[in-house]
Amino acid sequence: MNRIKTYPIFSFFSLIILISCHNSPFKNAKNIDALPEIFPDYSGIVLPPNIAPLNFTIEEKGIQYFVNFNSDNTSGFSIKSRKPEIVIPFSKWGKLLKKNRGEKIRMVVYVRGHNKVWKKFKPIENIISKDSIDSYIAYRRINSGMILWEDMAIVQRNLGNFSESDIISNQNTENNCMHCHTFQNRDPNNMILHMRRSPSGTLIKTKERSLWLSTKTHYTLSSFVYPAWHPDGQYIAFSTNRIHQNFFGRGNRINHVRDDASDIVIYDLYNNEVFTTPEIASKDFENIPAWSPDGKYLYYIQSSHEFKHLHDSLEKYDLLRIEFDQENKKWGKPEMLVSSEKTGLSVSFPQVSPDGRYVLFCMADYGYFTINNSSSDLYLLNLSDTTIRKLPVNSEQTESFPSWSGNGHWILFTSKRFDGMFTLPFFSYVDSTGTAHKPFVIPFENPASYFTRLTNMNRPVFLAGKVEYKEKELLEIVYTSTEKVVFDSIHVDIDALTHATVKNEPSVDEENTLYKKN
Amino acid sequence: MNLKKNISNFLIDTFYYCVFGIFLFVIIFKVYTPQLLNLGLQPFFAFDSSYFDYYQTQHNSIILLLSIFFLQFLNYPVLGSLLITVLLLLLSFVYRKIFEISKNPNPKGIEFIPSILILVSLKSYTIGLETLIIFLLAGLLLLGNRIVLNMKFWIRIGCQIISLVIAFFVFDLLVTFALFAFLIVDEIFVSKTQKKYVIISLNIIILAALIYLLKGFQISKTVFYEAASSNPRISISNYWNIISIHILVILIIGLFSNKKWVSDFTLRIPLFFIRNWVIIFLSALMVVFYSSLFIHEGKYNKEIEYYASIGKWNKVLDYKNKVELNDRISRFLLNQALYHTGRMSEDLFLVPQEWGEHTLILTMTFNRECTIYNSDLFFDMGFIKAAEYWALESQTNKVYSPRILIRLATCALLLKDYPVAHKYLSVLKKSLVYKKSANKMLTYFNDKDVSKLKNKMIGQKKIHHNIVYINNNRPDLNLIQILKEDKNNRMAFEYLMSYYLLQNELGAFKQSLTNYVDGIGFARTPKIYQEALLLYYMSTKAPMEQYLSTIDKNILKRFSQFNKTLIEYNMNGKLARKDLNKRFGDTYWYYVRYLSPKTTGLNIKKRSI
């Protein structure tokens, strides 16, 4: 009797085991001595321990997929899928990263082909850094049009998960243009944003201040453009520019932004004053300011005014810095750091590392607005020995808008490497020797999004935390009356400024300069 | 007995619905053009998370996505007609149920009235379909509310709150108010509970709270709002009038479905048939009011665009005298029709040219509405880079427009930029409607198929890889570059000539004519060019014997008559205008004197229309 009863149970479990064995990828898998094709390429990278799951798509043809995540410390977990899109569970991923800080993790990919045979690929190995990455980034969501815009927003994205929210959207500001979002030392509580077309102005929001500024003065070329916030918070360096654009047909460049003139000015947030010095407001083109982490130096790029009337491809920018004594508002002498004459290239978007040892910047064959210039690559200047290194993070497409994380171990930059058209943020780990490791793209919850997302993630910057300001709060500031900034014409030698001085009221407004005839 | 009666009623009702359904299908299929309903709206629904994320960021309502899902099938005439028919029948059915629940002795067929109203509105190619879906869902909500009227207090209040919240986030705000009004009316006139005023107060508080919480933000944006707010050529005169129509129709149906109100009303009107005529009269009044809200010319806009999109350029020209001055896009399409019918160089002034060159090629004085048309123009010309450039600009109008996505994918393919083409095609293949064609294009990533595609799309024209700059302020410079690379590009030539003529730039016109006419192979110098040359020679005081023999005798004769007519009116241009228009309205001389923006001082603002 018992044998009769146990026989079916035994048979049932045997059958289960048999089926499991038959379907288990491990036993029958054919070993392939190559890494699997996955997109994005999350292989051989260094990851932060607090990054969201790196969901990816397996690009090997198959009918079933199996991925095992493991390490020397942990057995890990597995994912089985009938679709090539691999979506990694949050909690399991988080645990894996947490347990393997400073260690290696492996992703073993199995693919079952139409012939029902499993293939096992060479394990993908990645290293989990001990250094965390900043928890958020902020970027501008924008279409690919050059002149027109409609939907635009400054968005914050949590790097630990996939959540995104609009900090402010132009749908609530009459579809105007928002740009040059900047945060003081990655502090989400201190932000700047320009808006163009009504409502037009500069929004500055800190815990103590809410300002909506009209920044065009009688003595400056334009309203404030590219910003750099002093680490101590009182001063903000801005460029002022007379910009015009050329539009290229399809090819390496879609548009080229070129200045007819540019200077750098400093805005004193506490006193609502603008000042400058002749060295950074000359007839040459000073632009794209950046502060050193100790606030003692202002880094910027400069191009000779002689390029103004020459062909586009000849304008090149050097990298300089100038000392700034913030207590006395005194300036030193400009110091050349990277000469375009020597490199044959044009510098842009300098960013000093938090430890003050390096300057990260772009160099391209010409110009400064490198986002649409595929020749733009990232370089690192070692300030101690002035050597310049081209980083191994570059591609054939443009790399631009670099920035550093708070601990100086991660860099963030934009790249159009996937298709040459759409901008995505990439991260790279920089170790203590200043070596940048293989970059990886920002992860998305749906890995197919890389193929279907039609907006750009423009000018991403790190944030140390979430911006807690409600959009309503920011809009209330925007829709108050503008406060005009005041140029310190008493202490600044106006006549010494070759370009910051404008004898007559300028006839062009900031908007028209962008649409000037070629 | 009852069963027999029920079956009989069921069969009769089914018969009525079938007849009405067939009637609707035939009318829609034959009389309407379903694809026309989609022009401008460009519905695109993709099963894709990026797509849904995008729509979420636009603060769009669920009804928008629902509408778009249905509207996309209008690309197929039979399926589209069937879909509209089914929706209209459903609408009638829902309102019938509302009447049944209210136990109203309404005449048979009254439930078809809303469907007929919608059908009439469709003739203006406007937002009738979106209204239809709103009515349908509003009707369902009303129905739901009617069903729970006699239920317990807390169930009823719960259902009302849920329906208010749903309406608030799904519909227009004012449709929500309409539904809210019904809840109040029902409570006052129909509800048997003593706590009716408690319920009314609770509803008011909920609605006020919803409005307060989302104060200052767009609550929902329907297809209608999107079309009305972003498209200045939409065929309505007043957004609020349209919304009030929604409310009016819902109110009328709702009120007439309210048993008590109807009973009270009918006591004063003893005759049954007078009461029914009142209903019919009110309904007819609404039809008239509804139709009157649409700008008649807006209908022409759509038809012009439709015929242009299918290449029926002769039909486009039939509208030349029906186009408003401020309708830039229609005028632009009329000019294109002139080229495609081979009449641009002979009959340029057959179509109104009061905008000068600004309705020939769209330059910086545009809004995003116009950009896709410029893309079309340059695509036809073979200047693919410019076509792509303008398509990218137009994408700011509508990121997921299938027309724009197809253009971008095609341009990228022709430029052999396969990664970019892959991106756009990946989006398109997420749509049921475009999946097949997108998958087909994904197989074109090789030189052979790209070459075939190029020949199919632009024939023998060159793609102009070497032209570097897109000159969006001076398109003539790009046209000259095209001609330098491809002297046989007739379209670029005729557009360049027309551009200078419309700008009154006779010197540039003459120079370009000299430089490039040989590549085009005209049998003789076109009429308009001769008229312009005559003016040019006179303005440069060239000796008459130098040019008289090059100008056709008829043209010289007409010019002489033109001047004589002016003299007859003592050179008074105003007085002479009517006469000159009648006899010489098709000439360049008339244009220069009366129509050119340089003469009229027409203020063409940046970003007009």
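Each remark here, short or long, concerns the structure printed above.
Attention here is on the structure that accompanies the text. (Residues numbered from 1 in each chain as written. Chains lettered and ligands numbered in written order. Predicted model: local features only at pLDDT ≥ 70, side-chain atom pairs only at ≥ 80, totals over all residues. Heavy atoms only, no water.)

1. Re the state of the cysteines
All told, the structure shown has zero disulfides over all chains when counted by the stated rule. Of all cysteine sulfurs, the one in C180(A) lies closest to C362(A), which takes part in no disulfide; the gap is 15 Å. Of the residues examined, C362(A) reaches a relative accessible area of 0% and is grouped as buried. No disulfide involves C411(B); its nearest neighbouring cysteine sulfur is the one of C370(B), lying 18 Å away. On the basis of relative accessible area, C411(B) is assigned to the buried category, the value being 0%. (Disulfide = S-S within 2.5 Å. Buried < 20%, exposed > 50% of the residue type's maximum accessible area, 1.4 Å probe, protein only.)

2. Section: a nonpolar patch on the surface
Residues and elements named next belong to chain B. Where nonpolar side chains cluster on the molecular surface, the patch consists of Y76, L79, L82, V86 and L90 and spans about 420 Å² of accessible area. Structurally, Y76 is set in the loop between α4 (62-71) and α5 (77-102). On the accessibility criterion, Y76 (37% relative accessible area) is partly exposed. (Patch = residues over 30% accessible without salt bridge, like charges linked within 9 Å, V, L, I, M, F, W, Y side chains within 5 Å. Areas by Shrake-Rupley, 256 points an atom, 1.4 Å probe, with all protein chains shown as cover. Salt bridge = Lys/Arg side-chain N within 4 Å of Asp/Glu carboxyl O. Helix = DSSP H or I, 4+ residues; strand = E, 2+ residues; numbered from the N terminus.)

3. Focus on the packing of helix α27 (residues 506-516) of chain B against helix α28 (residues 527-539) of chain B
Residues and elements named next belong to chain B. Their axes nearest at 10 Å, the elements α27 and α28 cross at an angle of 120 degrees. If you check the angle between α27 and α28, you find them oblique. The handedness of the crossing between α27 and α28 is left-handed. Across the interface between the two elements, L506, G507, F509, K510 and L513 of α27 pack against Y529, A532, L533, L535, Y536 and Y537 of α28. Considering only residue class, the contact of α27 with α28 consists of nine nonpolar, one polar and one charged. (Axes fitted to C-alpha atoms, helices over the stretch in contact; angles between N-to-C directions. Parallel < 35°, antiparallel > 145°, perpendicular 65-115°, else oblique. Left-handed = near helix turned anticlockwise from the far one by under 90°. Contact = heavy atoms within 4.5 Å. Nonpolar A, V, L, I, M, F, W, Y, C, P; charged D, E, K, R; others polar.)

4. Digging into the pattern of salt bridges
All names here are of chain A. Evaluated as defined, the whole model comprises 30 salt bridges over all chains. For K205, the salt bridge identified is with E473, shortest N-O distance 3.7 Å. One end of the pair, K205, is in strand β16 (residues 201-205); the other, E473, is in helix α6 (residues 471-478), and 268 residues separate them in sequence. Given a relative accessible area of 6%, K205 falls into the buried group.

5. A word on the nonpolar core
Judged by nonpolar contacts, the single largest core of 147 residues is most densely connected at Y424(B), Y495(B) and F509(B). Looking at which element gives the most residues to this core, the answer is helix α26 (residues 490-502) of chain B, with 10 residues. The residues touching F509(B), leaving out its near neighbours within four places in the chain, are M497(B), Y500(B), L501(B), Y529(B), A532(B) and L533(B). Counting 84 residues, the second largest nonpolar core, distinct from the first, contains F39(A), I58(A), Y65(A) and A290(A). (Core = buried A, V, L, I, M, F, W, Y, C linked by side-chain atoms within 4.5 Å.)

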